[in-house]
Amino acid sequence: MTHSTPAIVILGQGSLNTARRIQQVYPAAQIHGLAGRVEGADRIYQEFGATLRELYRQDTPIIALCAAGIVIRTLAPLLLEKGAEPPVLAVAEDGSAVVPLLGGLGGVNGMARDIAAGLQVAAAITTSGELRFGTCLLNPPSGYTLDDLESGKRFVSDLLAGHSVRIEGAAPWLAQAQLPEDPQARRSIHVGSDARAASANELRIYPRSVAVVVGAEGADLSKRIRSALLEADVAIQSLACLVAADDRMADPILRETALELGVPLRFVASTTDLGELARGAIPEAKIIATAHDLAIAVAQQPLNLSAIGRPRGRLAVIGLGPGAAELMVPAVKAELARATDVLGYETYVRMAGPFRDDQIQHCTDNREEMQRARHAFRLAAEGRSVIVVSSGDPGVFAMAAAVLEALHESDDPAWHSVDLEILPGVSASLATAAQAGAPLGHDFCVMSLSDNLKPWSIIEKRLDLAAEADLALAFYNPISKARPWQLGRALEIVGQHRTAQTPVVLGRDIGRPGQTLRVTTLGALTPEQVDMRTMVLIGSSTTCTFARSGGGEWVYTPRWYGEKPLG
Ligand code: SAH
């Protein structure tokens, strides 16, 4: 079983050093530090119990640097809720002890050994089967699947009670194990892709050694694949992947079928004959032709998927939000974890990290948007999983439109078959507005004041009309060294339609270290108070402010316009 990146959770500053050493074992893991107690963690949390339980519920492996008892008491209420659990480990603050607590089937002992090796101590392994046999029989290596966990547990306790066992089929990972082997044993570990049901004294392990090569089209594909496997006496648990011709990469039925069967899709160059396609894709396998316009390829060993054709490439254009990890949407986090290649302006790529060693970062200058978009398609068309990062939302003065423009301009079918998705983020105007209250609570207009990509005359025209229409205004790219006078001119135009008392919000580096939020008025606003890292929000005629307890002001634009509604 493979899990997502672990979270390292610490309660005090004294654990940070050990946490950093563990991070060297899991470079993508983030260190979560308790607010007010830990400085320099990757993320801040407010409440230990709630944080740990949330991570556990999300199936995130947990490495907690505190007493084992604290972790146990914290997670105890959740333990009965769940069948499968993520690995959970307690590590002594000084790194002197590594204790796997939960998630034996999720590979917690393996993690404990890896962490212990990193800290140069011994892991506190307590699992009897594993200690006695030197392997966890119920957690076969990748490429193999256990048939049934409950009967597996019985099987292991039989062996612990003294029964002997024989191995049928190829189980190379058991060669090093110390099993009570006897060729005459009644109990057997059976490794194979044949479809018959397990007998009472048998532990069945399926090698993922079968590919179904799909020629068939149309609905009910997964049902047809199941019956074809059944007729050929091949176990569905051994299915490792579906293979199809690459002109069907964007076929939604194939995609749904693979999802439903829980296996990846691989694509190979199209040929007229299905058998030929199968032999070309998996030369080591025996090919069984079926009546369903499907070919079944059965190998002796688990298939090495990376050697079979290539996957459909993916290109995700993501928004990081303003900066703080808490304001990044979960879909973006998941996408960051699966990416093979990350493209973007260096500052944003760094903000999106840390990345694993196997993830390639392609940092570029901010201005090369179209080049970056084409580069992303070239990589994705090779079958890679590519991310293009923007801050805030990718569709707001950022990369999403450039990526779509690059695709629109291309007639390369490989680019058009890429699995393209745009994942939204919290845009700077919304993040700033939320901190100030609700200045954009009624109709508003979003503009970039940069005249790099549009004539200044159109900016003036839009400003004039938007201000006249009494829309609240949100200015992105308000000013820069190369554009020093434009903001002053913009404020002049807005001033023709708004009073000097109109509330203005300036948000600088919102959601980033050193953020500042300032509430002022149109009359008091000067371009010197603004730089290119600032978001400028200008109220409409109804926008108002009042004091907030604790200092500062709330700013909001009421939902109504004209006569205030009764009630
Ligand atoms: N796609 C981004 C906007 C990119 S344009 C988004 O949706 O937020 C860049 C401009 O956005 C900057 O000049 C600044 O005006 C604004 N901006 C971006 N991040 C900001 C932040 N964290 N705080 C304040 N303004 C920000």
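Residues numbered from 1 in each chain as written. Predicted model: local features only at pLDDT ≥ 70, side-chain atom pairs only at ≥ 80, totals over all residues. Heavy atoms only, no water.

On to the overall build of the protein chain, then. Each helix and strand in the protein chain was counted, giving 17 helices and 28 strands. Along the first, second and third principal axes, the C-alpha set of the protein chain runs to 95 × 60 × 50 Å. Split into buried and exposed, the 567 residues of the protein chain put 46% on the buried side. Taking the intrachain contacts of the protein chain between residues at least 6 apart in sequence as the baseline, contacts between residues at least 24 apart amount to 62%. Taken as a whole, the protein chain presents about 27,100 Å² of accessible surface, with 52% of it coming from carbon and sulfur. Distance between charge centres in the protein chain, computed from 52 positive and 62 negative side chains, equals 4 Å. (Helix = DSSP H or I, 4+ residues; strand = E, 2+ residues; numbered from the N terminus. Buried < 20%, exposed > 50% of the residue type's maximum accessible area, 1.4 Å probe, protein only. Contact = heavy atoms within 4.5 Å. Areas by Shrake-Rupley, 256 points an atom, 1.4 Å probe, with all protein chains shown as cover. Lys, Arg positive; Asp, Glu negative; His and termini not counted. Charge placed at Lys NZ, Arg CZ, Asp CG, Glu CD.)

The next point concerns the packing of helix α1 (residues 16-25) against helix α4 (residues 108-119). Here α1 crosses α4 at 120°, and the two axes come no closer than 9 Å. Between α1 and α4, the angle falls in the class oblique. Once α1 is placed against α4, the crossing between them reads as right-handed. Where α1 approaches α4, its residues Thr18, Arg21, Ile22 and Val25 are matched on the opposing element by Asp114, Ile115, Gly118 and Leu119. (Axes fitted to C-alpha atoms, helices over the stretch in contact; angles between N-to-C directions. Parallel < 35°, antiparallel > 145°, perpendicular 65-115°, else oblique. Left-handed = near helix turned anticlockwise from the far one by under 90°.)

Turning next to the domain arrangement of the protein chain. According to the domain assignment, the protein chain contains domain 1 (7-126), domain 2 (144-207), domain 3 (210-307), domain 4 (314-426) and domain 5 (429-556). Taken over C-alpha atoms, the centre of domain 1 sits 31 Å from the centre of domain 4. Surface buried jointly by domain 1 and domain 4 totals about 470 Å² across both partners, of which 51% is contributed by carbon and sulfur atoms. The three residues of domain 1 that bury the most area against domain 4 are Pro27, Ala28 and Arg43, which together make up 74% of that side's buried surface. Viewed at the interface, domain 4 and domain 1 are joined by zero salt bridges. Here domain 1 is connected to domain 4 by zero residue pairs in polar contact (both at pLDDT 80 or more). Residues that form the side of domain 1 that touches domain 4 fall into these classes: three nonpolar, one polar and one charged. (Domains from an automatic or database assignment. Buried area = accessible area lost by both parts, 1.4 Å probe. Salt bridge = Lys/Arg side-chain N within 4 Å of Asp/Glu carboxyl O. Polar contact = N/O pair within 3.5 Å; in protein donor to acceptor, adjacent residues only side chain to side chain. Nonpolar A, V, L, I, M, F, W, Y, C, P; charged D, E, K, R; others polar.)

Moving on, we get to unusual backbone geometry. Across the junction of Gly353 and Pro354, the peptide omega takes the value 5°, indicating a cis bond. Located in the positive-phi region is Asp220, a residue other than glycine, with phi close to 65°. Mapped onto the fold, Asp220 is located in the loop between β11 (210-214) and α7 (221-231). Residues other than glycine seldom take positive phi values, yet Phe397 does so here, at roughly 45°. Within the secondary structure, Phe397 sits in the loop between β19 (385-390) and α13 (399-409). Overall, the relative accessible area of 42% leaves Phe397 in the partly exposed class.

Residue pairs three or four apart in sequence face the same way in an α-helix, which turns once every 3.6 residues. Here helix α9 (residues 274-281) has its buried residues at Leu274, Gly275, Leu277, Ala278 and Ala281. What you see down the axis of α9 is that its buried residues fit within an arc of 160°, all on one side. Buried-residue contacts for α9 involve β11, β12 (239-245), β13 (265-268), β14 (286-289) and β15 (294-298). A side-chain oxygen of the first residue of α9 lies 3.4 Å from the backbone nitrogen of Gly275; this N-cap is Asp273. (Arc of directions from axis to C-beta.)

Below, the discussion takes up the pairing of strand β26 (residues 534-538). In terms of burial, β26 is largely enclosed, as five of its five residues are buried. With burial as the criterion, each face of β26 is covered, one bearing Thr534, Val536 and Ile538 and the other bearing Met535 and Leu537. Alignment of strand β23 (residues 472-476) against β26, held across three bridges, turns out to be antiparallel. When the sheet's bridge partners are listed, Ala474 is paired in β26 with Leu537. The sheet contact formed by strand β24 (residues 503-508) and β26 spans five bridges and is antiparallel. Bridge pairing in β26 places Gly507 opposite Met535. (Pairing = 2+ DSSP bridges.)

This next bit is on the sheet that holds strand β10 (residues 202-207). Reading across the sheet, the four strands line up as β7-β10-β9-β8 and stay open at both edges, with mixed pairing between neighbours. The open sheet terminates on both sides in strands that have one partner only, identified here as β7 (144-146) and β8 (165-168). Each adjacent strand pair in this sheet contributes to an overall mean axis angle of 20°, direction not counted. Pairing analysis gives three bridges linking β7 to β10, with the strands arranged antiparallel. Within the sheet, the bridge partner assigned to Tyr144 lies in β10 and is Pro207.

Our next topic: the pattern of salt bridges. Scanning all chains against the criterion turns up 21 salt bridges. Between Arg187 and Asp158 there is a salt bridge, and its shortest N-O distance comes to 3.1 Å. Taken together, the residues Arg187 in strand β9 (residues 187-191) and Asp158 in helix α6 (residues 149-160) connect sequence positions 29 residues apart. Exposure remark for Asp158: the relative accessible area of 25% places this residue in the partly exposed category. A salt bridge links Glu421 to Arg314; its shortest N-O distance comes to 2.8 Å. Of this pair, Glu421 sits in strand β20 (residues 419-423) while Arg314 is found in strand β16 (residues 314-319), placing the two residues 107 residues apart along the sequence. For Arg314, a relative accessible area of 5% corresponds to the buried category. Each of Arg255, Arg314, Glu335, Asp419 and Glu421 takes part in one network of salt bridges that share partners.

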